[in-house]
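# Reading the structure
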Amino acid sequence: QVQLVESGGGLVQPGDSLRLSCTASGSSFTAMGWYRQAPGTERDLVASITRGGTTNYQDSVKGRFTISSDNAKNTVYLQMNSLKPEDTAVYYCNLKFWTLDFWGKGTLVTVSS
């Protein structure tokens, strides 16, 4: 029933910007967020936002990335500015509904010159 559909990834050069979107169907949310995983690394939280609007960011993206949500649409966005090669990863959308976790299939972001 629950589906998370991500979009917005792509190949960009350092310093460019991308905006990721994730729309969930079949569930409301307590919190939504973005995680990323590069080859050979662990999946790490990038940013999250609660239904009430409280945000949390990984230190490495503070000042560059902004997470936002449209609660009525069950949609979360990640505006990524000043992208760096180390931001290259598959970005996964996550939805939490109290004790439940749901994941998107991921969208690839590649930052290379």
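The notes below deal with the structure included here.

The rules we used
- Residues numbered from 1 in each chain as written.
- Predicted model: local features only at pLDDT ≥ 70, side-chain atom pairs only at ≥ 80, totals over all residues.
- Heavy atoms only, no water.
- Disulfide = S-S within 2.5 Å.
- Helix = DSSP H or I, 4+ residues; strand = E, 2+ residues; numbered from the N terminus.
- Contact = heavy atoms within 4.5 Å.
- Core = buried A, V, L, I, M, F, W, Y, C linked by side-chain atoms within 4.5 Å.
- Buried < 20%, exposed > 50% of the residue type's maximum accessible area, 1.4 Å probe, protein only.
- Phe/Tyr/Trp six-rings, centres within 6.5 Å; stacked < 30°, edge-to-face > 60°.
- Lys NZ or Arg CZ within 6 Å of the ring centre and 35° of its normal.

### Thoughts on the state of the cysteines
As enumerated under the stated definition, the model contains one disulfide in all. The side chain of Cys-22 participates in a disulfide bridge whose partner is Cys-93; the two sulfur atoms lie 2.1 Å from each other. One disulfide, between Cys-22 and Cys-93, carries an S-S torsion of -85 degrees and so falls in the left-handed class. A residue pair is termed long-range when its members are at least 10 positions apart, and Cys-22 in strand β3 (residues 18–25) and Cys-93 in strand β9 (residues 89–97) qualify at 71 residues.

### A word on the side chain of Ser-27
Along the chain, the position of Ser-27 falls in the loop between β3 and β4 (31–37). Ser-27 has contacts with Val-2, Asn-74, Leu-95, Phe-97 and Phe-102, leaving out every residue within four places of it along the chain.

### Looking at the nonpolar core
Core analysis: the largest hydrophobic core is formed by 26 residues, its most contacted members being Trp-34, Leu-78, Met-80 and Tyr-91. For this core, the elements supplying multiple residues, two or more each, are β3, β4, β5 (44–50), β7 (65–70), β8 (75–80), β9 and β11 (107–111).

### A short note on the packing of aromatic side chains
Think of a pair of aromatic rings as described by two things: how far the centres are apart, and how the planes are tilted against each other in angle. Applying the stated rule across the entire model yields one aromatic pair. Ring centres of Tyr-35 and Trp-103 lie 5.0 Å apart, and the angle between their planes is 65 degrees; this geometry places the pair in the edge-to-face category. Here Tyr-35, found in strand β4, pairs with Trp-103, found in strand β10 (residues 100–103); they are 68 residues apart in sequence, far enough to count as distant. Residue Tyr-35 is classed as buried on the basis of its relative accessible area of 17%. Residue Trp-103 is classed as partly exposed on the basis of its relative accessible area, which comes to 35%. In this structure, Arg-43 is placed above the aromatic ring of Tyr-92, and the distance from its NZ or CZ to the ring centre is 5.1 Å.

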